[in-house]
Amino acid sequence: MAEIKREQQNAFENLKKVDPNAEIVWNENIGTPNRLRGILSRSSPEPPEAVARSFLSEYRNLFAIKAPEEELLLKDTSTDKQGNRHLRFQQMHHGIPVFGNELIVHLKSDNVIQGTNGAIMPGIDVSTTAKLSAGDARKNALADVPDNREIPGKEPILLVLVHEEKPSLCWHLTVEGTDRALDGSEVPAEWAYFVDALTGNITWRYNNLPTHNRTTGTGVGNYAGSITLNTVHDHTANKYELEDQWVPTGARIRTHDCNNTFPPADLSADNNNNWSLTGQGSEVDCHYYSRIVFDYYLMVHGRNSFDDAGADMEINAHVGSNWNNASWSPSQQQVKIGDGDGTTYDAFCTIDIIAHEWTHAVTEHTAGLIYYGESGALNESMSDVLAALIDGDWLQGEDNWLGATAPAGRNLADPTNGGQYDPADPITSVMAGHQPDHMDDKYTGTADNAGVHINSGIMNKAAHLIATGGAHRGIAMCEALGNDVLGRLYYQALTSHLTSGSDFADMRDAVLDSLDDLYAGDPRYDRWRATIINAFAAVGIGTATACPIVCWIAPGFCPPSP
Ligand SMILES: [Ca+2]
Ligand SMILES: [Ca+2]
Ligand SMILES: [Ca+2]
Ligand SMILES: [Ca+2]
Ligand SMILES: [Zn+2]
Ligand SMILES: [Zn+2]
């Protein structure tokens, strides 16, 4: 700990005559100011550098600099939106830079000095004549560790390094090599070396590759339970963050903790990589389930993130206060997840809600279904259907739904929940978890963007019929196509046939065209085609058709007609 000298105290007393409220924070290791704040000078017509330099000269005792003109080199000036100027000075020792020691002088637009920050080291007294050549310094750095390699074109430079509070003259250069990640795996490194220019010893080195090492932690989700999490270690801050760098395409999944406010927010952080606090459960779920969604789109559909170009998936947990919702934000390209109020909904970080929101992102980057009227309800239905396939059940949001009127927010198998949808009171119905399941009951008002969360029930029912077969309103399916085929058909329709203005009838055609794309020539084609036609007819789109008899077992052998 360095002593603050009498003459420094006196200089600060003088500064307090300019501004009695002037504040100072000392760097107690080296005994100079780390930070000054106040109205520290009058306005001036002089150029900013001259104003800053005359201030530094007047208060050189405070900063413990003997000759500010020689010891401080102006390195950079930036001007912000308000017209404030920030002059960055590099500490020099007889013309040689002192590594990392900078002093920034802040001036208002009228050149009133409003502060400084950054500490410079007083009393440096080291020789500036190297005994070691630059070439020998490089040799020593390369010989330090076997896998160090030269980076061509990078010449060592002389500087003063203050390491463990001791200044020394060093050659500084960067070499390529390897480092160890936390999990023990070998990772590429760029080692910044400091070779003592008098003795040739390695004074210090650090890995200057600004990557955070990917690693894995453990966590407890609200819904996912105890799981392994893909995280990164931030070496500088010595903490872990919810960023998944293990995605094979290089896309990252980044989970932010909004802490009851709104994005932008920092990545969720933890000091020991065990994410088990109650408040972390939602962050754990957001992170874990977003990866499941990514994997579904990549492995099943060959899609590399929502834009199919490897975009990072940014998801925000704890958005707002008791927010009863979740959303995809087209303007921010991020998913937001609310905590729920605990009365009508629990936290919205369920797998199907997260899959639903990310599917909105896929839709935006493909069909672009306009979020109003039938195209909007189709957009909602696409999100519900793909979420159902990812989750593996036909309820949407069953895990955070606290209502007693329905099994979940939406029920794709029976949108009405036993006929409880009341066309005379659509808003109350949909809030209670009931939707229409036929065009006869279609909502035609303007609320809810003309019924995007209401009429999606009609499309959801058709999708459920295609996958599972059965009958609806007296119209029978010919086959159950199964979840996998439904997923392929709907993804194909979304990415290759639907347009932003597509309506429900267009969806029927898009699914039929997708069947042509994917299953023309398949022996099941005719009966699958009739099933699609009948599924849409069963919800009031188009007319039903007879199920064709297909001789599947062997040519010429047909089962008896039904
Ligand atoms: Ca922890
Ligand atoms: Ca938190
Ligand atoms: Ca489920
Ligand atoms: Ca579900
Ligand atoms: Zn680390
Ligand atoms: Zn939605």
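Here the structure is a predicted model, which means the values were calculated and not measured.

A few words on the overall build of the chain. When its secondary structure is counted, the chain shows 14 helices and 25 strands. Along the first, second and third principal axes, the C-alpha set of the chain runs to 105 × 55 × 40 Å. A total accessible area of about 25300 Å² is found for the chain, and carbon and sulfur atoms account for 48% of it. Here the chain carries 39 positive and 74 negative side-chain charges, and the mean point of each set is 9 Å from the other.

Let us look at the domain arrangement of the chain. Accessible area lost upon the coming together of the parts serves often as the stated size of an interface. Assigned domains within the chain: domain 1 (6-117), domain 2 (134-207), domain 3 (213-365) and domain 4 (389-538). The distance between the C-alpha centroids of domain 2 and domain 3 comes to 38 Å.

Those donors, Asp257 (OD) and Glu283 (OE), are the protein atoms that reach the calcium ion (ligand 2), and they lie 2.3 to 2.6 Å from it. Residue Asp257 is located in strand E16 (residues 253-257), and its partner Glu283 is located in helix H6 (residues 281-301); the two are separated by 26 residues in the primary sequence. On the accessibility criterion, Asp257 (26% relative accessible area) is partly exposed. According to the relative accessible area criterion, Glu283 is buried, its value standing at 4%.

Turning next to the pairing of strand E21 (residues 334-338). Of all 5 residues making up E21, 5 are buried, and the element is well covered by its neighbours. Both faces of E21 are covered, namely the face carrying Gln334, Lys336 and Gly338 and the face carrying Val335 and Ile337. The pairing of strand E19 (residues 313-319) with E21 spans 3 bridges and is classified as parallel. Residue Val319 lies in a different strand from E21, and its bridge partner there is Gly338. Relative to E21, strand E20 (residues 326-329) runs antiparallel, the two sharing 4 bridges. The partner of Ser327 across the bridge, within E21, is Lys336. Between E20 and E21, which follow one another and run antiparallel, lie 4 residues, and Gln333 among them has a positive phi close to 55 degrees.

The residue Thr174 is located in strand E9 (residues 166-180) in this model. Judged by its relative accessible area of 15%, Thr174 falls in the buried class. In contact with Thr174, other than residues within four places in its own chain, are Ile151, Glu190, Trp191 and Ala192.

The next thing to look at is the packing of aromatic side chains. Under the definition given, this model contains 15 aromatic pairs. Plain terms: the ring middles of Phe55 and Phe63 are 6.4 Å apart, the flat faces sit at 70 degrees to each other, and that makes the pair edge-to-face. A single burial state applies to Phe55 and to Phe63, both of which are buried. One aromatic cluster is present, formed by Phe99, Phe194, Trp204 and Tyr206 through successive ring pairs. Taking NZ or CZ as reference, Arg214 lies 3.8 Å from the ring centre of Trp246, over its face.

For the rest of this paragraph, the subject is the state of the cysteines. Applying the stated criterion across every chain yields a total of 1 disulfide. The disulfide that involves Cys478 links it to Cys547, with 2.0 Å between the sulfurs. Measuring handedness by torsion sign, the sulfur bridge of Cys478 and Cys547 sits at about -85 degrees and is left-handed. Of this pair, Cys478 sits in the loop between strand E25 (475-476) and helix H12 (482-497) while Cys547 sits in the segment after helix H14 (525-538), placing them 69 residues apart in sequence. On the accessibility criterion, Cys478 (11% relative accessible area) is buried. For Cys547, a relative accessible area of 30% gives the class partly exposed.

A separate point is the coordination of the calcium ion (ligand 3). For the calcium ion (ligand 3), every protein donor is listed as Asp391 (OD), Asp391 (OD), Asp393 (OD) and Glu398 (OE), and the spread of their distances is 2.1 to 2.7 Å. Counting residues between consecutive donors of the calcium ion (ligand 3) along the chain gives the motif D-x1-D-x4-E. A gap of 3.6 Å separates the calcium ion (ligand 3) and the calcium ion (ligand 4), which Asp391 links by coordinating each metal. Taking the relative accessible area as the measure of exposure, Glu398 reaches 17% and is therefore buried.

Estimated volume of the largest pocket: approximately 970 Å³. Lining the largest pocket are 37 residues; nearest its centre among them are Asn325, Ala326, Glu380, Arg410 and His453. Every element with two or more residues in the lining of the largest pocket is listed here: E20, helix H7 (351-364), helix H8 (373-391) and helix H9 (426-431). At 6 residues, the largest contribution of residues to the lining of the largest pocket is made by H7.

All right, on to the packing of H12 against helix H13 (residues 504-519) then. Contact geometry of H12 with H13 gives a least axis separation of 8 Å together with a crossing angle of 110 degrees. Considering their axes alone, H12 and H13 lie roughly perpendicular with respect to each other. Contacts between H12 and H13 involve Val485, Arg488, Leu489, Tyr490, Gln492, Ala493 and His497 from the former and Met507, Ala510, Val511, Asp513, Ser514, Leu515, Asp517, Leu518 and Tyr519 from the latter. A class-by-class count of the residues in the contact of H12 with H13 yields 10 nonpolar, 3 polar and 3 charged.

The mixed open sheet is built from 5 strands, whose spatial order is E15-E16-E19-E21-E20. At either end of the open sheet lies a strand with only one pairing partner, and these are strand E15 (243-244) and E20. Relative to the sheet, H6 contacts E15, E16, E19 and E21, its axis offset from that of E19 by approximately 150 degrees. Most of the contacts of H7 go to E20, to which it runs at about 20 degrees, and overall it touches E19, E20 and E21.

The biggest cluster of nonpolar side chains holds 76 residues, and the ones touching the most others in it are Trp358, Tyr490 and Phe536. Of all the elements, H8 adds the most residues to this core, at 9 residues. A domain split of this core shows at least three residues from each of domain 3 (213-365) and domain 4 (389-538). Once residues lying within four places of it in the same chain are set aside, the contact partners of Tyr490 are Met382, Val385, Ala462, Ala463, Ile466, Met507, Val511 and Phe536.

As for its position among the elements, Gly38 is in the loop between strand E2 (32-37) and helix H2 (48-58). Given the relative accessible area of 17%, Gly38 is considered buried. For Gly38 and Ala137, which are 99 residues apart along the polypeptide, the C-alpha to C-alpha distance reads 45 Å. Setting aside residues up to four positions removed in sequence, Gly38 forms contacts with Asp19, Ala22, Ile113 and Gln114.

How each quantity is defined
Residues numbered from 1 in each chain as written. Chains lettered and ligands numbered in written order. Predicted model: local features only at pLDDT ≥ 70, side-chain atom pairs only at ≥ 80, totals over all residues. Heavy atoms only, no water. Helix = DSSP H or I, 4+ residues; strand = E, 2+ residues; numbered from the N terminus. Areas by Shrake-Rupley, 256 points an atom, 1.4 Å probe, with all protein chains shown as cover. Lys, Arg positive; Asp, Glu negative; His and termini not counted. Charge placed at Lys NZ, Arg CZ, Asp CG, Glu CD. Domains from an automatic or database assignment. Donors = N, O, S within 2.8 Å, 3.2 Å for Na, K, Ca; no water. Buried < 20%, exposed > 50% of the residue type's maximum accessible area, 1.4 Å probe, protein only. Pairing = 2+ DSSP bridges. Contact = heavy atoms within 4.5 Å. Phe/Tyr/Trp six-rings, centres within 6.5 Å; stacked < 30°, edge-to-face > 60°. Lys NZ or Arg CZ within 6 Å of the ring centre and 35° of its normal. Disulfide = S-S within 2.5 Å. 1 Å grid on protein atoms, 1.4 Å probe; cavity = no way out; pocket = protein on both sides within 12 Å on 5 of 7 lines; lining within 4 Å. Points joined across faces, edges and corners; volume = space filled by probe spheres on them. Axes fitted to C-alpha atoms, helices over the stretch in contact; angles between N-to-C directions. Parallel < 35°, antiparallel > 145°, perpendicular 65-115°, else oblique. Nonpolar A, V, L, I, M, F, W, Y, C, P; charged D, E, K, R; others polar. Core = buried A, V, L, I, M, F, W, Y, C linked by side-chain atoms within 4.5 Å.

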